[in-house]
Amino acid sequence: MGIFSMLCTLFSCAQERNFKSVDVDEFEQIISNPEILRLDVRRLDEYQQGHLEGAINIDVLKDDFKEVALKNLNKSKTIALYCRSGNRSKRAGNILTAEGYEVIELKSGYMGWTSANKPVVK
């Protein structure tokens, strides 16, 4: 029973977020600030089909996500990130906050953004 409790505790900790998760309207307001870095953590093919204007793409599912992020993202800037539906962005948010980044995540992802008829680049 002790090992099971320990695993449950570890799993619960992995789910905790140290970043803000916001809805589409709040995300839109946040990214209107040019100092905020926009990060799309979907696959490249998803990004190429459409993305938020000014967003850079670093695929969170690739093994080198953390390395590429550390090399390309300025820690003095807030990172506004999103994925397709909000799952991968939470993973990316956990990785980035553990590295000292300030992160804001679009909880409904790109699907929520487009469903709200917000602008995208194709």
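This is a predicted model, so every value here is computed, not measured. (Residues numbered from 1 in each chain as written. Predicted model: local features only at pLDDT ≥ 70, side-chain atom pairs only at ≥ 80, totals over all residues. Heavy atoms only, no water.)

**Student:** How would you summarise the overall build of the chain if you had to cite specific residues and measurements?
**Tutor:** Per the secondary structure count, the chain includes six helices and five strands. Here the chain, with 122 residues, has 38% of them falling under the buried criterion. Considering only contacts within the chain whose residues lie at least 6 apart along the sequence, 65% involve residues at least 24 apart. Carbon and sulfur atoms make up 51% of the accessible area of the chain, which amounts to about 7,300 Å² in all. (Helix = DSSP H or I, 4+ residues; strand = E, 2+ residues; numbered from the N terminus. Buried < 20%, exposed > 50% of the residue type's maximum accessible area, 1.4 Å probe, protein only. Contact = heavy atoms within 4.5 Å. Areas by Shrake-Rupley, 256 points an atom, 1.4 Å probe, with all protein chains shown as cover.)

**Student:** Break down the pattern of salt bridges for me, citing the residues and quoting the values.
**Tutor:** Under the defined criterion, the tally for this structure stands at 10 salt bridges. As a salt-bridge pair, Asp25 and Lys118 come within 3.2 Å of each other at their nearest N and O atoms. Of the two residues, Asp25 sits in helix α2 (residues 24-31) while Lys118 sits in the segment after α6 (109-115), which places them 93 residues apart along the sequence. You can call Lys118 buried: its relative accessible area is 17%. In this structure, Asp45 engages Arg43 in a salt bridge whose closest nitrogen and oxygen atoms are separated by 2.9 Å. For Asp45, a relative accessible area of 35% translates into the label partly exposed. Its relative accessible area of 37% is what places Arg43 among the partly exposed residues. A single network of salt bridges, built from pairs that share partners, joins Arg43, Asp45, Glu46 and Arg88. (Salt bridge = Lys/Arg side-chain N within 4 Å of Asp/Glu carboxyl O.)

**Student:** Requested: an account of the packing of helix α4 (residues 65-72) against helix α5 (residues 87-98), with residues and values cited.
**Tutor:** Taken N-terminus to C-terminus, the directions of α4 and α5 make an angle of 60°; their axes are 11 Å apart at the nearest point. It follows from the interaxial angle that α4 and α5 lie oblique. You can see that α4 and α5 cross each other, and the crossing is right-handed. Of α5, the residues touching α4 (which contributes Phe65, Lys66 and Ala69) are Ala92, Ile95 and Leu96. When grouped by side-chain class, the residues that make up the contact of α4 with α5 number five nonpolar, no polar and one charged. (Axes fitted to C-alpha atoms, helices over the stretch in contact; angles between N-to-C directions. Parallel < 35°, antiparallel > 145°, perpendicular 65-115°, else oblique. Left-handed = near helix turned anticlockwise from the far one by under 90°. Nonpolar A, V, L, I, M, F, W, Y, C, P; charged D, E, K, R; others polar.)

**Student:** So what about the pairing of strand β5 (residues 102-106)? Which residues, and what values?
**Tutor:** Most of β5 sits out of view: four of its five residues are buried. In terms of strand pairing, strand β1 (residues 20-22) meets β5 through three bridges, oriented parallel. Bridging from a neighbouring strand, Lys20 pairs with Ile104 of β5. Sheet analysis places strand β4 (residues 78-82) next to β5, joined by four bridges and oriented parallel. From the neighbouring strand, Thr78 faces β5, where its bridge partner is Glu102. (Pairing = 2+ DSSP bridges.)

**Student:** Report on the pairing of strand β2 (residues 37-40), specifying residues and quantitative values.
**Tutor:** Of the strand pairs in this sheet, β2 and β4 are connected by four bridges, and their pairing is parallel. Bridged to Asp40 within β4 is Tyr82. Looking at chain direction, β2 and strand β3 (residues 56-57) are connected through two bridges and run parallel. Bridged to Asp40 within β3 is Asn57. For the crossover that starts at β2, traverses helix α3 (residues 44-49) and ends in the parallel β3, the hand is right-handed. (Right-handed = clockwise from strand over helix to strand, strands pointing away.)

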